[in-house]
Structures are given as structure tokens and as C-alpha cells.
Amino acid sequence: MRNSFKIAIDILYLNRAWTLIGYFFLVISPMVALVYLDMGVSNAYRDAVFVVEGGKEYFAEVLSIWFLLLFTFFSFGTNIDFMRVFNVTRKKFFASYMISLGILSLLIALTQKIINTVFASPNFVYSMYEFIYGDYFFVTSVVWLFSLLVLASSLFCLYTSIFSGVKDPIVRLFMVVPPFLPLVLIFSGDFSSVILFIMQVRTFSENRLAGNPYLMVSLFLISATICLFASHSFVKKLSIDIWQH
Amino acid sequence: MNTIKVKGVTKIYDSKTTAVDDASLTIEPNKIYGLLGRNGAGKTTLLNLMTDKIFPTEGEITIAGLNVNENDKMLASMFYMMQTDAYPLSMKVKELFKWTKKFYVHFDMDYASALAKKFQLDITKKIHELSTGYRSIFKDILALASNAEIVLFDEPVLGLDTNHRDMFYRELIKNYSQKPKTIIVSTHIIDEVADVIEEVIIINKGKIIREQSVENFLSSAYVIAGREDKVDKYLENREFIIEETIGALKIATVMESEKNKNEKLAKELNIELSNVELQKLFITITR
């Protein structure tokens, strides 16, 4: 019997081709480009993105979340197909799927924060310890982004699980629309609307939780756990007749 | 030993289509079963239920006394050769051999490669490049080399030519004799599987109508042929199914044990008695 962690690695490996392409275009490139813009290069989008403090981070986070949505949505069917030919239980498939999303979330958080840190040149940091562990520096921001991405992943997992159980094509069509709204807004040039949600989450966490990032991370993880339990109840009912009939 | 028990299982799709209707049967270990039925009889649904791919509306399925639902250990002991293509189409055959080895530790790579050579399956080809027949061969090879305790085949000879079908059944018997296991072959090409299976399960319109050894099943009927009036006389007070009448000649299947056949009367009436073939008997009872 193959364990859940190995199956999680299998899931990432099986989807490696388009995951890497998506990772490059939606995770690495935007962060590099936005940090580069931040260094003083003029661009038509600059004002839109940096209309508020920390705008580039919000924008990169939105794209990362959207990348996770694509990964969750498109890998779900192919993974479950592959796993069902090898008689993997739904419980194990679900656990593996979440582990793979967790790994991906951690990778995204690390990648974005490393790029940001490399380009940011934090001149105002007094010590390496403060740089790594300080309230608004590397580890804290990685943990923050990681927890945000885990929450997003679990929400997408819940969404995909429900979507898989819906047979009515009209309901399915309505369900497909919301995740693509940010994309429409991005191409329509309305960046501020796209990043508004993330900004509100950040503002809420900073104001309501007295600026305590760990409290906020805990809140995110609790929300993620609730989402996971909810999606698990849907995954448990997954049946191959969804694809056959 | 892993006995599979299907207890009062019903599967209803979309609250209107009853695919399996109150099915109960016992699959003994280390025997070859033939799951026979017409198109849409419920064969694939029954196999999907046994392997926990779908859930029964009613009833339960156990292996070695344990419910099969979400049972990792039991499911790992089964290999299900599915009729549908669920494998990634862009993956090469040899890659899928390696993937199968990851999930079935007893998968025999050398045997799989030898079988691929024997069936002339190019393992460097991608799944989408294989013809329907070769896709079946590829899945058959995975199942044969899996060395799982329970192997289920759903239409294993779909799209195979006569030579390959013959090769497959020979290989199945060889594999079984070397490493005995529980095998269930679901098919509607009955004449070829007749010499392979020990037990027969016949499903018709979702109901299990027969579950017995092939020997007992075949001895439950016999065929008579002769002049129409003579045959009619023989058939008086007997349960029978008329198969065909050609001119004055009439052929009928008598639904009673071979032991009860009246050879003396048949001789007097100049009627020929013969054993019934599995396929003919199947056609007769599922009409």
C-alpha cells in the first residue's frame, strides 16, 4: 500500500508539465516583474498596481491563489482517474491531494518571499535575527502567505468536490463563472478590484487581530481545517458514475 | 482466504434506473468465475460495486468479512481491469508498468515485459497511440502481472482479434495454474470463456439468475432435435424453450436435469439428444 505522502508527490509529478509552466508564469514571473517595477522602472500599469502600499504583493498573491485554483480544478479529475485504477481509497486520495496542495503552497510562499527579499535590499534591518524572525520579515511573511494559500487551497478543494458532485450542466456552468471573474478583471485592467479582497483580508487581520500575525495565521488554519472537513465529506461520496453517466 | 460476499445489493442510478437489483452471491477464493450477462445487464456496475468505485443503494459487499467501503487493505488486494480508459493517455506503456509497480508491490515487471513481447505490444508507445485491441491487451497485461489476490476483468477481450483472444485465455489459465487466485471475468463473448471458467454467475436485467458451477449449470438442460410432431410429443409435461423450427425439423432446449432425460422415449421417437452449450443455454435463459 502506497502511503499518502508518496501519492501526494505522485500527484505533483503527474501534473508537472503544466504546473511548472503555471508556476513560472503565475508565481515567479509576476513577482520578479513587480519587484523590478518597484525599483523605479516606468510602466503603464505601475500606478494601478502600486496605488496602495504593498500593492505588488497583493497582486502577486492574487495570481498565486489563482494558480492554486487552476491546479486544484484541473488536476482533480485526472488524479482521481489515475488513482481509481489502482484502487486507492477516497480517504487516502483526499489526504494526498491536500498534502500536495500544502507542498505547493509552501513552495509558492517561499519562492515569492525569497524573490521579494533578494530584490528588496532591507537597509533598515539591524540584524540577521530581526530580518529572519522579525514581525514583518521573512519567516513571518512566509508563514502568513502559506496559511493564506492553504486556506485558499482548502476552499478550492471544497469547491471542486462540490463541482464534481453536480451533474446538472446549467448549475455547473454557473459554478464555473466565479473563479474566472478575477481573470476577467485582470484583463479589463481593473487591478484594484482584483486585489481588493486580499487587501480587506489583510486589513481585517491587522486591525481586528491587533496586528498579531500568529493569531491571524491560527485563524486561517482553523478556517482551512473546517473547509477540509467539509470537502472531505463530499469526497467520501465521490463515485465514478459521476464521470460515467 | 478472501471470500467476497455480496449481500442484497441494489444499485439505482438517478433514482430511476435499477442497474443491480437485490444481488446476493458468494465468490470463493482461488476460483475462476465468469460473470455473464447481456449488454446493460449490470455486469460492470456489479464489478464497480465490488471494488468500491460506486456505492450500493442498498446492501453491502464484504471481503473476508470486512466491508469493502474505504477498506485500504482489501482494495489493495484487488486489481480491477476496467473497461474504460482511466489511464493518462499521454503516458507510455512502460511508464505505466512502473506506476503499477508502485501501487502493487508484487507486480512482476519481467513477466509484464515478456507478455508485452508475446502480444507484440510496443511498450514505448503512448496509450493514445494504441488501438482499441492493444489498449485491452495493455490492461490485461497489467492485471495478469499484478499478482493481486483478486483480479477482476471487465471485457478483457474487447477489440482483440481471434488469435489474441486465444492467447489471452491460454495465458490466463497458465497464470492461474502457476499462482492460483480469485479471477472474475466479465464478458458477453461466452463460447470462448466457457472452457476457462469454473463457476458461472449470470446476471439479467440487474438480477442474479444463476450462480453455480459450469458443470451443474450445463447439466441443468439438454437439447433435443427431431421431427416436429415427435419433439412435441417428447416435450409433453416438460419445461422447454423452443429454439428453432426448420421445415419439419424442430430443435428445443429442455429445461430439466440431464439425469431426467428419457433416452428410451427419445429412441422410440427417433429424437436426438445432445448436451447444451454454455452460450446456447445462456441465450435461452436470458431471452
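Residues numbered from 1 in each chain as written. Chains lettered and ligands numbered in written order. Predicted model: local features only at pLDDT ≥ 70, side-chain atom pairs only at ≥ 80, totals over all residues. Heavy atoms only, no water.

Visitor: Explain the pattern of salt bridges here, please?
Guide: Where charged atoms from two side chains of opposite charge come close, those side chains can pair. Counted according to the given criterion, the structure contains 14 salt bridges over all chains. Residue D166 of chain B is joined to R170 of chain B by a salt bridge in which the shortest nitrogen-to-oxygen separation is 2.9 Å. You can see D166 of chain B and its partner R170 of chain B sitting in helix α6 (residues 162-178), four residues apart, about one turn around the helix. The partly exposed category is assigned to D166 of chain B, whose relative accessible area is 39%. Overall, the relative accessible area of 58% leaves R170 of chain B in the exposed class. In this structure, a network of salt bridges that share partners links the residues R90 of chain A together with D52 and E70 of chain B. (Salt bridge = Lys/Arg side-chain N within 4 Å of Asp/Glu carboxyl O. Helix = DSSP H or I, 4+ residues; strand = E, 2+ residues; numbered from the N terminus. Buried < 20%, exposed > 50% of the residue type's maximum accessible area, 1.4 Å probe, protein only.)

Visitor: Got a minute to help me understand α6 of chain B in this structure?
Guide: One full turn of an α-helix is made of 3.6 residues, so residues set three or four places apart face in the same direction. Residue and element names in this part refer to chain B. The end-to-end C-alpha separation of α6 is 24 Å, in line with the 24 Å expected for 17 residues at 1.5 Å each. Its buried side turned inward, α6 meets β3 (32-37), α4 (109-118), α5 (132-145), β7 (150-154), β8 (182-187) and α7 (190-193). Its side-chain oxygen 3.2 Å from the backbone nitrogen of N163, D161 forms the N-cap of α6. (Expected span 1.5 Å × (residues − 1). Contact = heavy atoms within 4.5 Å. Polar contact = N/O pair within 3.5 Å; in protein donor to acceptor, adjacent residues only side chain to side chain.)

Visitor: Explain a nonpolar patch on the surface to me, please; I cannot follow it from the model alone.
Guide: Residues and elements named next belong to chain A. Among the surface-exposed residues, W18, I21, F24, F25 and F74 lie close enough to one another that they form a single nonpolar patch of about 530 Å² accessible area. A per-element tally of the nonpolar patch places helix α2 (residues 16-38) first, with four residues. On the secondary structure map, F25 appears in helix α2. (Patch = residues over 30% accessible without salt bridge, like charges linked within 9 Å, V, L, I, M, F, W, Y side chains within 5 Å. Areas by Shrake-Rupley, 256 points an atom, 1.4 Å probe, with all protein chains shown as cover.)

Visitor: Explanation requested: the interface of chain B and chain A in the structure shown.
Guide: Listed per partner, the contact involves 31 residues of chain B and 27 residues of chain A. Of the roughly 2,600 Å² buried where chain B meets chain A, counting both sides, 60% is carbon and sulfur surface. Here chain B and chain A share three salt bridges between them. Between K92 of chain A and D72 of chain B there is a salt bridge whose closest N-O contact spans 2.7 Å. There are eight residue pairs in polar contact (both at pLDDT 80 or more) connecting chain B and chain A. For the side of chain B that touches chain A, the secondary-structure elements that each account for two or more residues are β1 (4-13), α2 (72-76), β6 (78-81) and α3 (93-103) of chain B. (Buried area = accessible area lost by both parts, 1.4 Å probe.)

Visitor: What's the story with the domain arrangement of chain B in this structure? I'm lost.
Guide: You'll often see interface size given as the accessible area lost when the parts meet. Residue and element names in this part refer to chain B. Looking at the assigned domains, one finds that chain B contains domain 1 (4-217) and domain 2 (221-285). On a C-alpha basis, the centres of domain 1 and domain 2 stand 35 Å from each other. Each partner contributes to the interface: domain 1 provides 12 residues, whereas domain 2 provides seven residues. Taking both sides of the interface into account, the surface hidden between domain 1 and domain 2 amounts to around 860 Å²; carbon and sulfur atoms contribute 80%. Applying the counting criterion to the domain 1 and domain 2 interface returns one residue pair in polar contact (both at pLDDT 80 or more). Of all the elements in the fold, those that place two or more residues in the side of domain 1 that touches domain 2 are β3, α7, β9 (199-204) and β10 (207-213). Looking at the side of domain 1 that touches domain 2 residue by residue, the class counts come to seven nonpolar, two polar and three charged. (Domains from an automatic or database assignment. Nonpolar A, V, L, I, M, F, W, Y, C, P; charged D, E, K, R; others polar.)

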